[in-house]
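# Report on the structure
One-letter residues, chain by chain:
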Amino acid sequence: MTIFKRGAGNARIVAAHAVLIAYTCVALFPVLFIVMNSLKSRRAIFAAPLALPGPGTFDPVGYTTVLGGGAFGTYFANSLIVTLASLAGILAFGSMAAFALAEYRFGLNTLTGLYLMLGIMIPIRLGTIGILELMVGTHLVNTLFALILVYIASGLPIAVFVLTEFMRTISDDLKNAGRIDGLSEYQIYFSLVLPLVRPALSTVAVFTMIPIWNDLWFPLILAPGDATKTITLGAQQFIGQYVTDWNAVLAALSLSVVPVIVLYLLFSKNLIRGITSGAVK
Amino acid sequence: MTPSAAPRRRPRLHIAVFLAPAVIVYTAVMIVPLAETLRLSFFAGGPTHPAFAGLTNFRLLFLDDRWAPQFWNALRNNVYFFVIQMLQNPIGIALAALLALPRLRGGAFYRTAIFVPTLLSFVIVGFGWKLILSPLWGVAPTLLKLVGLGALFAPYLGRESSALTTLACISVWQYVGVPMMLCYAALISIPDEIIDAAEVDGVVGIEQFFRVKLPLIWPTIGMISILTFVGNFNAFDLVYVTQGALAGPNYSTDIFGTFLYRTFFGYQLQLGDPNMGATIATLMFLIILAGVCLYLFAVQRRISRYQF
């Protein structure tokens, strides 16, 4: 009986693996396809698009074109600056506001919370026309700062929501012990509460970072200048310019995948724990 | 919202200090511009000669021959896009259920791999799929022939009848990672006692999934669906990247995002019109508001939440 049961269980696990491997192939194929072909010579790309790069067909010419062109490094740096600065702003401002909402009882608590979380349901793009007016009025068009401000504002609602839920689960005893030891409210926030919500902070970081790095809309509208282009916009326009230079286009796309995957792996360690511990329920 | 209150003696300036940066940035960059956009929809004449126009812009959009066909087309396409996009939920839940099987090894690898498309920008996704589906390059026909379905191939992105469906499917492919990840997290946080109790009652396997686990993760699925609804109404990137701002062929993939972009900034021969752009944004706002309210009052109330 037990042997039979275990056999059935194993069959189920094997079937599960088969389905998951099949879906993993579907998920990864287009990405691998681009990366693979970016490493081949032009002729090989067209002759055998599905073949792996081999000794006869390997050719990094795309990468030398892209990296030699100069502009790509700038775009790359712009994207990195915008994403990291926005993340820092969202996590800092969001956790501060969440701490105030979770920790203190004051008259406008519920209302402030609702006001800040309203933005989860309203995409910031709807305000684009007003945002462009604002940025033109303050001479921030074609600056990275404009993008950073917009992304902080758009990321705050979900950050405040997740972090407030999370901070409510932290025991009062700990904080009160800190108070008795003479810690100020700022010290309690910074040295007691922040370290404890680290899983939630990385969850928020993962989910807010992806749309910022990948956004095309605001860079296109607020910062299309050459000095402030992000890599997503740069790659998009690169495709238009070099439409016949397949090596360069494929290399540019492959390069733009790398940082977001690195950032994801960096933050994702605590991802599942952050989600399960009440953050998004 | 009942935070436990320890007795406070000091003046509570720190509450304001904690809240100020978030409230200021959020108000100045999100709420005020949004209100300004709503206001502009009642005006005409652009930024130079603003004149109050009442509901004229809305009437133009609904009824005028120049605007109405485009507007209704974008609305129809957007709704269709959302419906197809919802396919991500069953697929994501199924993958999450497999990943949550006890004794399954390599779960972290599968999770990361399946989440990779979600990390990618539309530029990469759009261009990659365009290449794969390109009839000139022949990757998709070769692959389809390999599994004996060669006859099914058509230039999916180039035909009016199939372009929008193809884009929606690409979007499903990209975003399956989100329901997979969140449902997986919800599934593994179901307490063991509940599962044990089900097993004692003889509810196991598939039946256990549908009768015990699935009802417990409905709130997660509801939340994913409403966020997808909101997200789809500002979808722009995928259509812009694969089909351009004109959302070809023949506007068959035009959704609100591309319609707003063309109207506000102008495209080719058409001049930009901030007031009509604001009107479209206002209508998107109202549609999203209606959808969210419908969800909150009609759907969410019927979903039972369980606290463990």
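Not measured: the values here are computed from a predicted model.

## Considerations on the overall build of chain A
When helices and strands are tallied, chain A shows 14 helices and zero strands. Traced from its N-terminal end to its C-terminal end, chain A shows the element sequence α-α-α-α-α-α-α-α-α-α-α-α-α-α. Since a compact globule built from 281 residues should have a radius of gyration of about 19 Å, the 24 Å found for chain A marks it as more spread out than a globular shape. Judged by the C-alpha coordinates and their principal axes, chain A covers about 75 × 70 × 35 Å.

## Considerations on the overall build of chain B
Within chain B one finds 14 helices and four strands. On the principal axes, the C-alpha backbone points of chain B span a range of 75 × 75 × 30 Å. Counting over 308 residues, chain B shows a buried share of 55%. Relative to all contacts within chain B whose residues are 6 or more apart in sequence, the contacts with residues 24 or more apart total 67%. About 14300 Å² of surface is accessible on chain B, with carbon and sulfur atoms providing 67% of the total. Taken as two groups, the 20 positive and 13 negative side-chain charges of chain B have centres that lie 6 Å from each other.

## What about a negative patch on the surface?
All names here are of chain B. On the surface, D192, E193, D196 and E199 cluster together into a negatively charged patch. Among the structural elements, E199 can be located in helix α10 (residues 192–200). Of the residues examined, E199 reaches a relative accessible area of 42% and is grouped as partly exposed.

## Brief notes about the nonpolar core
Membership of the largest hydrophobic core comes to 199 residues, with the highest contact counts inside it found for A:M135, A:V150, A:F218, A:L222, A:L253 and B:F256. Ranked by the residues each element gives to this core, the list is headed by helix α7 (residues 144–167) of chain A, at 16 residues. If near-sequence neighbours (up to four positions away) are discounted, A:M135 is found in contact with A:L140, A:V141, A:A146, A:L149, A:V150, A:L222 and B:V29.

## Section: the packing of helix α6 (residues 128–137) of chain A against helix α1 (residues 13–40) of chain B
With their axes 7 Å apart at the nearest point, α6(A) and α1(B) run at an angle of 115° to one another. Relative to α1(B), the element α6(A) lies roughly perpendicular. Like other packed secondary-structure pairs, α6(A) and α1(B) cross with a definite hand, here right-handed. Here α6(A) contributes A:T128, A:I129, A:G130, A:I131, A:E133, A:L134 and A:M135 to the contact with α1(B), which in turn contributes B:A28, B:V29, B:P33, B:E36, B:T37 and B:L40.

## A few points about the packing of helix α4 (residues 71–103) of chain A against helix α9 (residues 185–196) of chain A
All names here are of chain A. In contact at an axis separation of 11 Å, α4 and α9 are set at 110° when each is read in the N-to-C sense. In terms of their interaxial angle, α4 and α9 are classed as roughly perpendicular. The crossing of α4 and α9 is right-handed. Seen from α4, the contacting residues are A92, S95, M96 and F99; seen from α9, they are E185, I188, Y189, V193 and L194.

## Focus: the packing of aromatic side chains
Scanning the entire structure with this criterion turns up 34 aromatic pairs over all chains. With 5.6 Å between their ring centres and 40° between their planes, A:F29 and A:F33 make a pair best called tilted. A residue pair is termed a helical-turn pair when its members lie 3 or 4 positions apart in one helix, as A:F29 and A:F33 do in helix α1 (residues 2–38) at four residues. Consider the rings of B:F236 and B:Y240, whose centres lie 4.9 Å apart with planes at 25°: the pair is stacked. Both residues of the pair, B:F236 and B:Y240, belong to the buried class. Among the aromatic residues, those joined into a ring-pair cluster are B:F62, B:F71, B:W72, B:F82, B:F229, B:F233 and B:F256.

## Some remarks on the interface of chain A and chain B
In this complex, chain A contributes 102 residues to the contact, which on the side of chain B involves 93 residues. Summing the contributions of chain A and of chain B, the shared interface buries around 9100 Å²; its carbon and sulfur component is 78%. Inspection of the region where chain A meets chain B yields one salt bridge. Among the ionic pairs, B:D237 bridges to A:R125, the shortest N-O distance being 3.0 Å. Linking chain A to chain B there are 12 residue pairs in polar contact (both at pLDDT 80 or more). For the side of chain A that touches chain B, a count of residues per class yields 71 nonpolar, 20 polar and 11 charged.

Conventions adopted
- Residues numbered from 1 in each chain as written.
- Chains lettered and ligands numbered in written order.
- Predicted model: local features only at pLDDT ≥ 70, side-chain atom pairs only at ≥ 80, totals over all residues.
- Heavy atoms only, no water.
- Helix = DSSP H or I, 4+ residues; strand = E, 2+ residues; numbered from the N terminus.
- Rg over C-alpha atoms; globule rule 2.2 N^0.38 Å.
- Buried < 20%, exposed > 50% of the residue type's maximum accessible area, 1.4 Å probe, protein only.
- Contact = heavy atoms within 4.5 Å.
- Areas by Shrake-Rupley, 256 points an atom, 1.4 Å probe, with all protein chains shown as cover.
- Lys, Arg positive; Asp, Glu negative; His and termini not counted.
- Charge placed at Lys NZ, Arg CZ, Asp CG, Glu CD.
- Patch = residues over 30% accessible without salt bridge, like charges linked within 9 Å, V, L, I, M, F, W, Y side chains within 5 Å.
- Salt bridge = Lys/Arg side-chain N within 4 Å of Asp/Glu carboxyl O.
- Core = buried A, V, L, I, M, F, W, Y, C linked by side-chain atoms within 4.5 Å.
- Axes fitted to C-alpha atoms, helices over the stretch in contact; angles between N-to-C directions.
- Parallel < 35°, antiparallel > 145°, perpendicular 65-115°, else oblique.
- Left-handed = near helix turned anticlockwise from the far one by under 90°.
- Phe/Tyr/Trp six-rings, centres within 6.5 Å; stacked < 30°, edge-to-face > 60°.
- Buried area = accessible area lost by both parts, 1.4 Å probe.
- Polar contact = N/O pair within 3.5 Å; in protein donor to acceptor, adjacent residues only side chain to side chain.
- Nonpolar A, V, L, I, M, F, W, Y, C, P; charged D, E, K, R; others polar.

Coordinates in, geometry out; function isn't part of it.
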